[in-house]
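# Working through the structure, step by step
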Amino acid sequence: MFTSGASIQRAKQDIREHVWALLERHSAVERGVFGHIPDFVDAQAAAARLATLPVWQSARVIKANPDRAQHAVRTMALESGKTVYMAVPNLANPQPFYVLDPTNLPVPPAQAALHQSAATFAPTVAVETMAPLDLVVCGSVAVNPDGARIGKGAGYSDIEFALLAEAGLIVAHTIIVTTVHRLQIVDRALPETAHDFRVDLIATTEEIITCPPSRRPAGIVWGDLTTDKIATIPVLAERASDSAQG
């Protein structure tokens, strides 16, 4: 159905536009949604439902996206004593992740969980110094019951996942979850590239959907990245340079 990278990207964007418009039409978002991970109504309730799961309760270290829709998830993680890693915007630092230590927060968890706050106090760390992840929380624009998802289109979540998988921090038992509004669940196949990862669990305000096991990217798929993209991400630019010199 999708014969080229360009056609896959067009198909993904069509789905994004459809879901964004659907959410706005049903007043299911808190603010302007186009171009963003939807900050959906009752996101806190979806986070609370996620928090009832044993896999959440047993997790000690999580990596979470910085979007508003998952702010409640990050807050609950810190309140329950979990270490939270959050990516530096656009991975634009040689140490591309913030680490939020719940035992050493200078502000309350709800404030610390804001990405703007994390940028002011949280230390950045290199992938090589991070702890293995028990749980990965990602934002989605659309997701289907098989676990295929579409983000907002920048591609950074996929690169973050690939870096962490390549480093052995995401392994077979690491659970991948997204919290969404029910209108973001699309009951059809979604276009995917080699870099795309799938989720294991979908949490909404009404239910938890368990997705079937699926293949996960083992690392960076260099052929899917443009030279310009690599150049803007220091950790990738350094690897590319080392490879060229070697």
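Now for a description of the structure that goes with this document. Think of each chain on its own: its residues are numbered from 1, step by step along the sequence as written. It should be noted that, the model being predicted, local features are given only for residues of pLDDT at least 70 and side-chain atom pairs only at 80 or more, the latter also being counted only at that level, while totals for whole chains, interfaces and linings use all residues. Values reported for side chains reflect all heavy atoms of the structure, with hydrogen atoms and water molecules removed beforehand.

### Quick notes on empty space enclosed by the protein
Only protein atoms enter the 1 Å grid, on which a cavity is a set of points fitting a 1.4 Å probe that cannot get out and a pocket is an open set with protein on both sides within 12 Å along at least 5 of 7 lines, lining residues being those with an atom within 4 Å of a point. Grid points are joined across faces, edges and corners, and a volume is the space filled by probe spheres set on the points. Throughout the structure, instances matching the rule amount to one cavity of 30 Å³ or more. Size it by volume and the largest cavity reaches roughly 50 Å³. Looking at the largest cavity, the residues that line it are Lys-63, Val-136, Cys-138, Ser-157, Glu-160, Phe-161, Leu-164, Ile-170 and Phe-197. Elements that contribute at least two residues to the lining of the largest cavity include exactly strand E5 (135–138) and helix H7 (156–166). Here the element with the most residues in the lining of the largest cavity is H7; it accounts for four residues. Each helix is a run of H or I in the DSSP string that is no shorter than four residues. Each strand is a run of E no shorter than two, and both are numbered from the N terminus.

### Describing unusual backbone geometry
Positive phi is not limited to glycine here, since Ser-27 has a value of about 50 degrees. Among the secondary structure elements, Ser-27 is positioned in the loop between helix H1 (5–25) and helix H2 (43–50). Phi at Asp-42 is positive, roughly 65 degrees, even though this residue is not glycine. With respect to the helices, strands and loops of the structure, Asp-42 is situated in the loop between H1 and H2.

### Notes on the pairing of strand E8 (residues 175–179)
Type-normalised accessible area, obtained with a 1.4 Å probe on protein chains alone, sets the label of each residue: buried when under 20%, exposed when over 50%, and partly exposed for intermediate values. In terms of burial, E8 is a largely internal element, four of the five residues being buried. As paired elements, E5 and E8 share four bridges and run parallel to each other. Within the sheet, the bridge partner assigned to Cys-138 lies in E8 and is Thr-178. Strands are labelled as partners when DSSP assigns at least two bridges between them.

### Points about the sheet that holds E8
One open sheet accounts for eight strands, arranged E4-E3-E2-E1-E5-E8-E9-E10; its pairing is mixed. Every other strand in the sheet has two partners, leaving strand E4 (124–125) and strand E10 (208–210) as the edge strands with one partner each. In terms of strand pairing, strand E9 (residues 201–203) meets E10 through three bridges, oriented antiparallel. Bridged to Ile-202 within E10 is Ile-209. Docked against the sheet, H2 engages E8, E9 and E10, running at close to 155 degrees with respect to E8. Taken strand by strand, helix H4 (residues 71–79) contacts strand E1 (61–64), strand E2 (83–87), strand E3 (97–100), E5 and E8, and its axis lies near 145 degrees from that of E2. We call two residues in contact when some of their heavy atoms are within 4.5 Å. Each axis is a line fitted through C-alpha atoms, taken for helices only over the stretch in contact, and angles between the N-to-C directions span 0 to 180 degrees.

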